[in-house]
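Listed below, chain by chain, are the residues.
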Amino acid sequence: KGGFICSCYPGYIYNASNNRCYDKNECLTGNHNCDQFCTNTEGSFTCSCNPGYTYNTVTKTCQAGGDCLQTPCPPYRKCQQLNGRYECLCFNGLREDSNHTCKDCNRTLTESSGYIMSSNYPLGYENSSYCTWNITMNDPQTVIELQFIDYVVEGCPYDFVKMNSDNSTQDPRNSIICENWRTPVISNGNSMSISFMSDKTVSSKGFLAYYTSYLTCKRKNCSHS
């Protein structure tokens with residue numbers, strides 16, 4: 001009549017078919033008491049709050065409070081004071097994704113100049129990522145010049161930047177940037193397409209580039225249709 005019963009530590013689920021314990025994701029099952037955000041950890045979970053709120057470990061709630069001077073914002077965010085609390089907003093041109101990270105990805109740019117960068121630069125881009133930037137100027141007599149300020153990626157054929165071969169020139173390597181590239185890339189027309197691709201392994205710092213646009217002829221001699 002003797003025997004034994006298998007059980008798991010709190011935060012784990014017992015699988016009788018193979019006698020193993022697996023982590024229980026409380027955030028997916030809803031078995032948590034987080035007020036705003038839940039992050040699963042091995043055998044447990046943690047709670048966090050939106051920028052501008054602080055987590056009260058006693059009441060387990062997110063409370064508004066703080067100011068821009070006391071609590072600096074994460075990278076690529078600006079602080080805005082609002083009704084007794086603060087918000088960390090993404091810089092102009094960047095978008096917040098579902099993980100509350102400010103990203104510069106999959107955008108159409110029409111400003112005469114600006115910056116583009118790989119996601120999470122300079123902290124390191126994600127694996128298996130694909131981002132595109134389409135720069136377009138209204139004036140058909142305008143060209144676009146792109147200059148890489150910083151370029152640290154794994155390199156071809158794993159992680160690299162590719163220019164649209166139909167409208168970019170002055171890159172002898174078929175418009176694929178495999179390593180640190182300092183020569184400006186100039187479009188043939190008033191648009192330029194840039195894409196960044198990374199594989200499933202090895203991440204690096206990423207890249208930062210600046211683009212500007214200008215007329216292909218002297219302003220006084222340019223004719224507009």
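See above for the structure.
The rules we used
- Residues numbered from 1 in each chain as written.
- Predicted model: local features only at pLDDT ≥ 70, side-chain atom pairs only at ≥ 80, totals over all residues.
- Heavy atoms only, no water.
- Patch = residues over 30% accessible without salt bridge, like charges linked within 9 Å, V, L, I, M, F, W, Y side chains within 5 Å.
- Areas by Shrake-Rupley, 256 points an atom, 1.4 Å probe, with all protein chains shown as cover.
- Salt bridge = Lys/Arg side-chain N within 4 Å of Asp/Glu carboxyl O.
- Buried < 20%, exposed > 50% of the residue type's maximum accessible area, 1.4 Å probe, protein only.
- Phe/Tyr/Trp six-rings, centres within 6.5 Å; stacked < 30°, edge-to-face > 60°.
- Helix = DSSP H or I, 4+ residues; strand = E, 2+ residues; numbered from the N terminus.
- Disulfide = S-S within 2.5 Å.

1. Some thoughts on a nonpolar patch on the surface
- Among the surface-exposed residues, Y115, I149 and Y210 lie close enough to one another that they form a single nonpolar patch of about 290 Å² accessible area.
- Accessibility expressed as a relative area gives 39% for I149, which makes it partly exposed.

2. Describing the packing of aromatic side chains
- Summed over the entire model, instances satisfying the criterion amount to seven aromatic pairs.
- Considering the side-chain rings of Y115 and Y210, the 4.9 Å spacing of their centres and the 55 degrees angle between planes classify their relative orientation as tilted. Here Y210 lies in strand 20 (residues 206-215) and Y115 lies in strand 12 (residues 113-117), a separation of 95 residues in the sequence.
- Ring centres of W133 and F207 lie 5.7 Å apart, and the angle between their planes is 80 degrees; this geometry places the pair in the edge-to-face category. With W133 in strand 13 (residues 130-136) and F207 in strand 20, the pair connects residues that are 74 residues apart, well separated along the chain.
- For W133, a relative accessible area of 0% corresponds to the buried category.

3. Describing the state of the cysteines
- In this structure the tally under the stated criterion is five disulfides.
- One disulfide in the model links C27 with C38; its S-S distance is 1.9 Å. An S-S torsion of about -75 degrees defines the bridge between C27 and C38 as left-handed. Of this pair, C27 sits in helix 1 (residues 26-29) while C38 is found in strand 3 (residues 37-41), placing the two residues 11 residues apart along the sequence.
- Judged by its relative accessible area of 21%, C27 is partly exposed.
- Look at C38 and you get partly exposed, because its relative accessible area is 22%.
- A sulfur-sulfur separation of 2.0 Å characterises the disulfide bridge that pairs C34 with C47. The chirality of the disulfide connecting C34 with C47 is left-handed, given an S-S dihedral of about -80 degrees. Here the residue C34 occupies a position in the loop between helix 1 and strand 3, and C47 occupies one in strand 4 (residues 44-48), the gap between them amounting to 13 residues.

4. Some details on unusual backbone geometry
- The omega angle of the peptide bond from C156 to P157 is 0 degrees, so this bond is cis rather than trans.
- Inspection of the secondary structure assignment puts P157 in the loop between strand 14 (142-152) and strand 15 (160-163).
- The backbone of N19 shows a phi angle near 55 degrees, a positive value even though the residue is not glycine.
- Topologically, N19 is positioned in the loop between strand 1 (12-15) and strand 2 (20-23).
- Here the phi dihedral of V202 falls at roughly 65 degrees; this positive angle occurs in a residue that is not glycine.
- Structurally, V202 can be placed in the loop between strand 19 (191-197) and strand 20.

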